[in-house]
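Here's the letter readout for the chains.
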Amino acid sequence: MPTNKKELRLQYKNLRKQLSEDQIEEKSLAIANNLIKLSIWDKLYYHVFLPIEEQKEVNTEYVLHLLSGKDKEIVISKSDFETRGMTHFLLTDNTKIKKNEYNIPEPVNGLPVPSETIEVVFVPLLAFDTLGNRVGYGKGFYDKFLSECKTETIKIGLSFFEAEDQIEDVFESDVKLDYCITPEKVYTF
């Protein structure tokens, strides 16, 4: 069983490739339905990633519907590949979304939102373990972003697959999740 980030990255990218469009929609909806069970709905600012369809990421459209139905402020990001930083913008009816060179849907412009304002972050990932460690694509964008948030910011991973026992090569700078939601269950760390 692979337990280091590099091997897990490969394994879970392959597992994702095998998912059909229907499975992605079904699992994404099940994840959103499991999210409702969390007691996080008293917050105002929620950061959501927009899925890279080519990477078969969780479709967060269901999460967006959930948030707008609850009148929450939705925040989305733009990535800077030189600084590995992210700038955050309020998602409004006027927000123009455009895919960048890595097929990441991003806001073209908008009202900036500082990281410290964001109260809940839905975190993309490839794999996670029973301790709340996550494996992303390895660029460090989310670790950097999450370290800029307040310590009480709630970090929620969204995953099509269940937890690994333990990821071996976890770094000091890796930011742990508070929850991870799969189509089957809610993990609390």
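Residues numbered from 1 in each chain as written. Predicted model: local features only at pLDDT ≥ 70, side-chain atom pairs only at ≥ 80, totals over all residues. Heavy atoms only, no water.

A. View of the pattern of salt bridges. Evaluation of the coordinates by the stated rule reveals five salt bridges. The shortest N-O distance in the salt bridge between D42 and K43 comes to 3.7 Å. The class of K43 is partly exposed, set by a relative accessible area of 23%. Here D143 and R134 are joined by a salt bridge, their closest N and O atoms 3.8 Å apart. For the residue pair D143 and R134, the accessibility class agrees, reading buried in each case. (Salt bridge = Lys/Arg side-chain N within 4 Å of Asp/Glu carboxyl O. Buried < 20%, exposed > 50% of the residue type's maximum accessible area, 1.4 Å probe, protein only.)

B. Region of the structure containing the pairing of strand β3 (residues 85–90). Summarising burial for β3: five of the six residues are buried, a large majority. Here strand β2 (residues 73–80) pairs with β3 via six bridges, running antiparallel. Looking across to β3, one finds that D80 is bridged to G85. In this antiparallel pair of consecutive strands, β2 and β3, the connection spans four residues, and R84 shows a positive phi of 60 degrees. (Helix = DSSP H or I, 4+ residues; strand = E, 2+ residues; numbered from the N terminus. Pairing = 2+ DSSP bridges.)

C. Quick look at the packing of aromatic side chains. Within the structure shown, the criterion is met by ten aromatic pairs. Measuring from ring centre to ring centre gives 6.3 Å for F128 and F189, while their planes differ by 70 degrees; the resulting arrangement is edge-to-face. Here F128, found in strand β7 (residues 127–128), pairs with F189, found in the segment after β11 (186–188); they are 61 residues apart in sequence, far enough to count as distant. Overall, F128 belongs to the buried group, its relative accessible area being 1%. On the basis of relative accessible area, F189 is assigned to the partly exposed category, the value being 31%. An aromatic cluster is present here, built from Y12, F160 and F161 joined pairwise through their rings. (Phe/Tyr/Trp six-rings, centres within 6.5 Å; stacked < 30°, edge-to-face > 60°.)

D. Broad picture of helix α2 (residues 21–35). With 15 residues, α2 extends 21 Å between its outermost C-alpha atoms, agreeing within 8% with the 21 Å of an ideal straight helix rising 1.5 Å per residue. The complete set of buried residues in α2 reads I24, S28, I31, A32, N34 and L35. Here the buried residues of α2 occupy an arc of 160 degrees about the axis, which is enough to place them on one side. In α2, the exposed residues that point more than 90 degrees away from the buried face are D22 and E26. Elements in contact with the buried residues of α2: α3 (61–69), β6 (120–124), β9 (154–158), β10 (179–181) and β11. (Expected span 1.5 Å × (residues − 1). Arc of directions from axis to C-beta. Contact = heavy atoms within 4.5 Å.)

E. Up close: the side chain of D129. Relative to the helices and strands, D129 is located in the loop between β7 and β8 (134–135). With no salt bridge to any partner, buried D129 finds its closest opposite charge in K176, at an N-O distance of 6.4 Å. At 2.9 Å, the side chain of D129 forms a polar contact with the backbone nitrogen of L131. Polar side-chain contacts of D129 include one of 2.9 Å to the backbone nitrogen of I167. (Lys, Arg positive; Asp, Glu negative; His and termini not counted. Polar contact = N/O pair within 3.5 Å; in protein donor to acceptor, adjacent residues only side chain to side chain.)

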